[in-house]
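The primary structure of each chain is shown beneath.
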Amino acid sequence: MRGLKKQRRIQVIALALVCLTGATALIGFALRDGINLFRSPTQVAELAPLPGEIFRLGGLVADDSISAGEGVQFFFNITDGANTVAVKYVGTDLPPDLFEEGQGTIATGTFKDGLFEATEILAKHDESYMPKEVIDALKEQGVYQEPKGS
Amino acid sequence: MLNELAHFSLNIALGFAVFGTIVPLAGATLRRSSWMQLAPIFSTLQFILVAFAFGALTVAFVSSDFSLRVVVLNSHTLKPMLYKIAGVWGNHEGSLLLWVLILTLFAACAAVFGKTLPQSLLARVLGVQSSITAAFLAFVLFTSNPFTRVEFPPFNGQGLNPLLQDPGLAFHPPFLYLGYVGLSITFSFAIAALLEGKVDAAWGRWVRPWTLAAWIFLTIGIGLGSWWAYYELGWGGFWFWDPVENASFMPWLISAALLHSAIVVEKRDALKAWTILLAILAFGFSLIGTFIVRSGVLTSVHAFANDPERGVFILMILGVFFGGALLLFALRANAMDSKGVFATVSRESALIANNLLLAISCFVVFVGTVWPLVAELLMDRKLSVGPPFFNVAFTPFMVALAVILPIGSTLPWKRAKRAHLSRLWPVAVFCLACVGLTWAMQTGRSLIGPVGLGLGVWLVMGVLIELYQRTGRGTGKWSRLLSLPLADWGKATAHAGLGITIFGVAGITAWQVEDIRVMAIGDSAEIAEFTVTLDNVEDLRGPNYLTTMADIKLARDGKFIANLYPERRYYPVAEMPTTEAGIDSGLWRDVYVVVGDAQPQGGYAVRTFIKPLANWIWTGAIIMAMGGLLSLFDRRYRVGSVAARRDPVEGEA
């Protein structure tokens, strides 16, 4: 009885180790493609990202910058106060409900010849919410304002 | 006045929670029966006091009492009654009060139903539960008091976030909380068992129904949330691998593992230490989830404005309870000596595999969820982990789980022979044939569709074969089938539900058709085999919103199917627009239409999806929850309560 239990325990631990190793390897592999870096417009200006790299660009939607393109595509600028990046939205989803000028936003896409082609724009459920990365990016440029009200 | 009384009763409840922790735990250590007897009384009193406070807050919301800060911020007189009530938990303060209410509700239930438990075990369970209640009550009272008054009450409130004004989401938080917090009572049972230094079959039998109940609520809560995201956010997705979603999914995975390992403890007297660890982890992940959602440390598409200060308090609660529990586990786990032995091929082994796969998949989700934090703290890099990560790292474990499920559930306890599996061979061959056939038919698309479809069939057929096997040989098969214990029916139903959900997920992922275009009124578009026509767009008024509603005609092969009415709503009180999708639901596919703002060059952006098998995802979740419910009503859990009624001590009371 003792022997069998010990054997079982060793088998279970071995199996668990195999699973854990497999999971770690898989995580390491998946993390290479599955992550997107966050950049502020200033960071993009300082060091141009590799062409084709998918990253997230965050800041405020610049005032008077949203203009229509062909079909459902449209253009706008993302700014952090110091630098501005022109964005073309090429995604297939409709822009999120709370997307408007002066609001914080995060767009996902690639940077090509000075234009950021966004396939996705972060939506939020609450107008006073601002993504943490955007707050940090704005604070770095000293243009962050506490939200009014509550 | 009522509000002050409610606030006062919360303070008293905190007092009872502190006493309810110290007295029973000390009584159990010192073997003072009279001290331990106080535990159920303390727990019941906490529940009554917190329920009173919650009732008072509900009254404040229903009667629009704008002298309360939370009511001003989250309610409005024009809001429909359902959302006035849902507004109680549609905000941080109220939802925490709901959290505490459920904590005390579970304690009170344990006090009422637990009279047959050994006295010291019950006292310890309720003592630990009271300590959790005390921590959260302190959190409510010191950082998030819902009964804070405003100095100058305004005439009207600021309204509830319009996205939350939806029946699907009105009931999503209570269910999710019943699940999250339900795991607190299994946690208390685990800690009590560690303190007692004893885990036996009776313990397993006690823990299982509570875990089952929590798991059922979690399943329904997650299902409702996913369904809401599907039709309300207008993106047509059902799962985004977002931190807030993962926060609820991790406890679900662990509690599913716990459900299965508790069976082994109950029936085979093995896996004790592991089960205790799972019970601790399950509630630990509930707390981690709460921390992620409330603190705002992770950027989420479902994020609401939040306050980092509160995160620190939750982190402290998490550290004390999770850390303390793990420490206690490390000190006492070797006292849990398991007696049951089993062969390499047996149901025990299959359940161990189930547990390993569920725990590892939870680990993967956890790593993916907290990786942005780790990267920022250690490498000073800001990044996010997207769905591609989870698709690669999580899916293989779920596939493995689905593959072994029918095999494991047909295996007998202790030792299995190859003959037990013989009936599954034809099913396996049939499933592989399905995979091959669908793969050949769809040419050039991903493997997810055929594999998911094959797994779905494998699970459902596996359940049928298992039920057939249980009928035995000879005549009277039907009567034997009907007289199977409810727990077996529950198991079969839940496993079939999982198969149906996998089927739906595979269908929607692999065969979705999408289209976006600008349409003028009168335009038609051919999408897959459907014709979509934009008939009209008009501006209308709802009870508390303005809406631009499109009238879209859906036809197939020239035959009219339905009119869809997607909307763009604007809520003036919250100054917030929302999107309402127009959905034609069917058994085999949903047609999902969203309309955008008017385009400057005329016309409207119209986004159309054909979503195959969409409803199967949530139907599967409901079936899983039903399976859990059937299992919960199994006779062996009721037999205990019948015995309780005959108990002489009970008779005197």
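Our subject is the structure that appears above.
A. Region of interest: the overall build of chain B. Assigned secondary structure in chain B consists of 23 helices and eleven strands. Over its C-alpha atoms, taken along the principal directions, chain B stretches across nearly 80 × 75 × 55 Å. Across the 653 residues that make up chain B, the buried fraction comes to 53%. Within chain B, contacts between residues separated by at least 24 positions form 75% of all contacts whose residues are at least 6 apart in sequence.

B. Up close: the pairing of strand β6 (residues 559–564) of chain B. All names here are of chain B. Inspection of the sheet shows strand β5 (residues 546–556) paired to β6 by five bridges, in the antiparallel sense. Its bridge partner being in β6, R556 is matched across the sheet by K559. Between β5 and β6, which pair antiparallel one after the other, the connecting turn spans two residues, and D557 there sits at a positive phi close to 50 degrees.

C. Quick peek at the sheet that holds strand β11 (residues 604–612) of chain B. All names here are of chain B. With antiparallel pairing, the four strands of this open sheet are ordered in space as β2-β11-β10-β9. A single partner strand is all that each edge strand has here, and the edge strands are β2 (513–519) and β9 (582–584). Here the average twist between neighbouring strands, direction ignored, is 15 degrees. Sheet topology places strand β10 (residues 589–598) next to β11; eight bridges connect them, and they run antiparallel. Note that in β11 the partner of V594 across the bridge is R607.

D. Inspection of helix α14 (residues 347–379) of chain B at higher detail. Residues and elements named next belong to chain B. When the terminal C-alpha atoms of α14 are compared, their 45 Å separation across 33 residues agrees well with the 48 Å that a helix rising 1.5 Å per residue should span. Of all the bends found along α14, the most pronounced is centred on V370 and spans about 50 degrees, while P372, a proline, follows it within four residues. Taken from the residues just after α14, D380 is the one with a positive phi, measuring 55 degrees.

E. Summary view of helix α1 (residues 2–30) of chain B. Taking 1.5 Å as the rise per residue, α1 of chain B with 29 residues should run 42 Å; its terminal C-alpha atoms sit 41 Å apart, in good agreement. Downstream of α1 of chain B by one or two residues, R31 of chain B has phi in the positive range, about 60 degrees.

F. Layout of the interface of chain B and chain A. Taken together, the contacts link 46 residues of chain B with 42 residues of chain A. At the level of secondary structure, the elements contributing two or more residues to the side of chain B that touches chain A comprise α14, β1 (383–385), α15 (387–393), β2, β8 (576–580), β10 and β11 of chain B. Broken down by element, the side of chain B that touches chain A gets its largest block of residues, seven residues, from α14 of chain B. A class-by-class count of the residues in the side of chain B that touches chain A yields 29 nonpolar, twelve polar and five charged.

G. Seen up close, the nonpolar core. Residue and element names in this part refer to chain B. Core analysis: the largest hydrophobic core is formed by 211 residues, its most contacted members being V100, I254, A279, L459 and V593. If one sorts the elements of this core by residue count, helix α10 (residues 201–232) sits on top with 18 residues. If near-sequence neighbours (up to four positions away) are discounted, L459 is found in contact with A402, L405, P406, H495, A496, L498, G499 and I502.

H. How the structure looks around unusual backbone geometry. Of note in the backbone geometry, D113 of chain A takes a positive phi value of approximately 50 degrees without being a glycine. For D113 of chain A, the position within the fold is in the loop between β6 (104–112) and β7 (115–121). Residue S64 of chain B is not a glycine yet carries a positive backbone phi of 50 degrees.

I. Representation of the environment of V595 of chain B. All names here are of chain B. Looking at the element boundaries, V595 is found in strand β10. Here V595 falls in the buried class, since 29 other C-beta atoms lie within 10 Å of it. Distance from V595 to P566, taken between C-alpha atoms, is 6.1 Å for residues 29 residues apart in sequence. Apart from residues lying up to four places away in sequence, V595 is in contact with A550, P566, R568, Y604 and V606.

Reading guide: rules and limits
- Residues numbered from 1 in each chain as written.
- Chains lettered and ligands numbered in written order.
- Predicted model: local features only at pLDDT ≥ 70, side-chain atom pairs only at ≥ 80, totals over all residues.
- Helix = DSSP H or I, 4+ residues; strand = E, 2+ residues; numbered from the N terminus.
- Buried ≥ 20, exposed ≤ 12 C-beta atoms within 10 Å, placed from the backbone.
- Contact = placed C-beta atoms within 7 Å.
- Pairing = 2+ DSSP bridges.
- Axes fitted to C-alpha atoms, helices over the stretch in contact; angles between N-to-C directions.
- Expected span 1.5 Å × (residues − 1).
- Bend = angle between axes of the 7 residues up to and from the residue.
- Nonpolar A, V, L, I, M, F, W, Y, C, P; charged D, E, K, R; others polar.
- Core = buried A, V, L, I, M, F, W, Y, C linked by C-beta atoms within 7 Å.

It is worth stressing that arrangement in space is one thing and function is another; only the former is reported here.
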